[in-house]
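One-letter residues, chain by chain:
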Amino acid sequence: MANKLVIKVTAGADAPERCSQAFTVAAVAVASGVEVSLWLTGESSWFALPGRAAEFELPHAAPLPDLIDSILAAGRITLCTQCAARRDITEKDVLEGVRIAGAQVFVQEAMADGTQALVY
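Residues numbered from 1 in each chain as written. Predicted model: local features only at pLDDT ≥ 70, side-chain atom pairs only at ≥ 80, totals over all residues. Heavy atoms only, no water.

Under the annotation held in an unreviewed UniProt entry, the protein carries the name Sulfur reduction protein DsrE and is attributed to Streptomyces triticiradicis.

So, in structure tokens, the structure goes:
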């Protein structure tokens, strides 16, 4: 059984249900004691910035800022290096606790023993 979950979310406000599912699964896994690493790529990259998650709305879904807070409390959130660069986002711009890292780190995390990777 996997004891670590690596989740890559590629959707943002452009695909709200898929985006919300990724954050929800990550938050539930953290609450269940699973080690979680959530990767923000594509349009989800914007949620690494302060205030952006508060703009996200999806009926019958947990508020994105609450999910992010719970993930950061016991897990890790990473913003893709290339995705950040394409949006002119730097380390000084992101929420406290969010790191910026590239594909090499993602592959290393996803391929570690006891890890399950999901992509939304």
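This is not the end of the story, as more comes after the structure.
Chemist: Residues and numbers for the packing of aromatic side chains, please.
Modeler: All told, the structure shown has 3 aromatic pairs when counted by the stated rule. Centroid distance Phe23 to Phe47: 6.1 Å. Interplanar angle 85 degrees. Geometry classified as edge-to-face. Taken as a pair, Phe23 in helix α1 (residues 16-31) and Phe47 in the loop between β2 (35-40) and α2 (64-74) lie far apart in primary sequence, 24 residues in all. By relative accessible area, which is 0% here, Phe23 ends up buried. When the ring of Phe47 is compared with that of Phe56, the centres are 5.6 Å apart and the planes differ by 85 degrees; the resulting orientation is edge-to-face. Each member of the pair, Phe47 as well as Phe56, carries the same accessibility label: buried. Three or more aromatic residues link up through ring pairs in this structure, and these residues are Phe23, Phe47 and Phe56. A cation over a ring is seen here: Lys8 above Phe106, with NZ or CZ 4.3 Å from the ring centre. (Phe/Tyr/Trp six-rings, centres within 6.5 Å; stacked < 30°, edge-to-face > 60°. Helix = DSSP H or I, 4+ residues; strand = E, 2+ residues; numbered from the N terminus. Buried < 20%, exposed > 50% of the residue type's maximum accessible area, 1.4 Å probe, protein only. Lys NZ or Arg CZ within 6 Å of the ring centre and 35° of its normal.)

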